[in-house]
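These are the residues of each chain, in order.
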Amino acid sequence: MQHAIDLAEKGRGYVEPNPMVGCLIIRNGSIIGAGFHEQFGRSHAEVNALDHCSESPIGATAVITLEPCCHQGKTPPCTDALIQAGISKVIIGHPDPFPKVNGSGIEQLKGAGIEVQMGPLQSAIARQNSGFFKRVTQKIPWCIAKWAMTLDGNIATQTGDSQWISNPACRKIVHQLRGQMDAVIVGSGTACTDDPSLSARPAGARRATRIVFDSKGTLDVQSKLCQSARDIPVLVVVDPRQANQNRLAELKKNGVNIFECEAGYVDRVPMVLNQLGELDMTNVLLEGGGRLLGEFFEANSIDEAHVFIAPTLIGSGQEPIQTQTPGAAADQIAKGKHLKDVVIQQVDGNVHVRGFV
Ligand SMILES: NC(=O)c1ccc[n+]([C@@H]2O[C@H](COP(=O)([O-])OP(=O)(O)OC[C@H]3O[C@@H](n4cnc5c(N)ncnc54)[C@H](OP(=O)(O)O)[C@@H]3O)[C@@H](O)[C@H]2O)c1
């Protein structure tokens, strides 16, 4: 199953909004075929594994990370492919929560006389497909918060300077992450102070829409975001009660999309995430600044964190998560959000901490 999970991982960034899936066809303890879901809209892992079989799969066992689909989607049902191939046993890593599957794939296989067994590593498969599972069950994307901070816990100096806190190797990891995302999100403070382009360099599997939370629509038309909006989409979330319509027209003229949202800061977060879910977005990267990270934190909308820590001291500066509502911040350490499945890695003298909220 771990081998199948590793295969599935190769699809990250290419298959969304579909799940990553890996499949092995096994006979007498030897792998006779292997495949994974490589690209959205193309054949699924099971069909690829069957196609790659070095001998007839009749009577063999299929090990699949996710329950096979049993409905006609962009491709025919994988249950049919397994049945027609003469597979006699299927070991499934995790049920597929997608409503059109959700247990029916297992039932169809059993109905065709195939032995079905639930396999190990279920939680690893759930982690691997956390974006897909969240989109399918909650209809909103998985939100990864990322920031770089100094050893004394600041994401910028008091003057707003933050380039660069983390080293080039860490920034390379961030670019790789961006290349797997459907959207990269920042607040207007960051867009104004840093003039970021928020693109993945080099380009990755996906091209993330750049999103700016900017009530008044203040994004500079000369900014890198605005100037590249015709090549890589830019969406500005504005409050129509605060934004100047002439300014919005100017942004639109430059290819910027506008999402009007009349809600308070914290309430705006789930509203925007719902909208991104409607667009079938699976994973989004929230890149700050501290104010916007604070609002996402208050809205309980951060699922995963990637934090890059540099051994630098700057004295007073800006905290990574600035909560605005009195009482939103934990008043006791025990009430803080303790990350799970934390991975800590040294990257050229910086530290990369990654975990699930
Ligand atoms: N080290 C790092 O990883 C890192 C990353 C990013 C940024 N930074 C630094 O952080 C600083 C900027 O951070 P910041 O806290 O000042 O600004 P920010 O979080 O980037 O933007 C905050 C602004 O976004 C707008 N906004 C719109 N909707 C919002 C919502 N729902 N919640 C929160 N804000 C919303 C608000 O302006 P309106 O009221 O006008 O809408 C708010 O003032 C810069 O110095 C930058 O260099 C560091």
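Preceding block: the structure.
Residues numbered from 1 in each chain as written. Predicted model: local features only at pLDDT ≥ 70, side-chain atom pairs only at ≥ 80, totals over all residues. Heavy atoms only, no water.

### Brief notes about the pattern of salt bridges
And then number 1: This model, assessed by the stated rule, comprises 15 salt bridges.
And then number 2: Residue Lys146 is joined to Glu287 by a salt bridge in which the shortest nitrogen-to-oxygen separation is 3.3 Å. You can see Lys146 sitting in strand β6 (residues 142–150) and its partner Glu287 sitting in the loop between β12 (283–286) and α12 (290–298), a full 141 residues away along the chain.
And then number 3: Its relative accessible area of 11% is what places Glu287 among the buried residues.
And then number 4: Measuring nitrogen to oxygen at the nearest pair gives 2.7 Å for the salt bridge that ties Arg178 to Glu287. (Salt bridge = Lys/Arg side-chain N within 4 Å of Asp/Glu carboxyl O. Helix = DSSP H or I, 4+ residues; strand = E, 2+ residues; numbered from the N terminus. Buried < 20%, exposed > 50% of the residue type's maximum accessible area, 1.4 Å probe, protein only.)

### Quick look at the packing of aromatic side chains
And then number 1: If you walk through the whole model with that rule in mind, you get three aromatic pairs.
And then number 2: Aromatic side chains Phe213 and Phe296 sit 5.7 Å apart centroid to centroid with 70 degrees between the ring planes, which places their arrangement in the edge-to-face category. Residue Phe213 is found in strand β9 (residues 209–213), and its partner Phe296 is found in helix α12; the two are separated by 83 residues along the sequence. Both residues of the pair, Phe213 and Phe296, count as buried.
And then number 3: Over the ring of Tyr265 we find Arg291, and its NZ or CZ is 4.5 Å from the ring centre.
And then number 4: The positively charged end of Lys337 is found above the aromatic ring belonging to Phe297, 5.4 Å away from the centroid. (Phe/Tyr/Trp six-rings, centres within 6.5 Å; stacked < 30°, edge-to-face > 60°. Lys NZ or Arg CZ within 6 Å of the ring centre and 35° of its normal.)

### Observations regarding the nonpolar core
And then number 1: Core analysis: the largest hydrophobic core is formed by 30 residues, its most contacted members being Ile185, Ile211, Leu276, Val284, Leu286 and Phe296.
And then number 2: Elements with a contribution of two residues or more to this core: β6, β8 (183–187), β9, β10 (234–238), α11 (265–278), β12, α12 and β13 (304–310).
And then number 3: Excluding residues within four positions of it along the chain, Phe296 makes contact with Cys143, Ile185, Phe213, Val269, Leu273, Leu286, Ser301 and Ile302. (Core = buried A, V, L, I, M, F, W, Y, C linked by side-chain atoms within 4.5 Å. Contact = heavy atoms within 4.5 Å.)

### Some details on the side chain of His94
And then number 1: Mapped onto the fold, His94 is located in strand β4 (residues 89–94).
And then number 2: Using a relative accessible area of 14% as the deciding quantity, one classes His94 as buried.
And then number 3: Those residues in contact with His94 that lie beyond four places of it in its chain are Thr65, Leu66, Glu67, Met118, Gln122, Ile125, Ala126 and Phe133.

### A few points about the state of the cysteines
And then number 1: Taken as a whole and judged by the stated rule, the model has zero disulfides.
And then number 2: Cys69 forms no disulfide, and the closest cysteine sulfur to it belongs to Cys78, at a distance of 3.8 Å.
And then number 3: Judged by its relative accessible area of 6%, Cys69 falls in the buried class.
And then number 4: Residue Cys192 stays outside any disulfide, its sulfur separated by 13 Å from that of Cys226, the closest cysteine. (Disulfide = S-S within 2.5 Å.)

So far we have only geometry, and geometry alone does not tell us how the molecule works.
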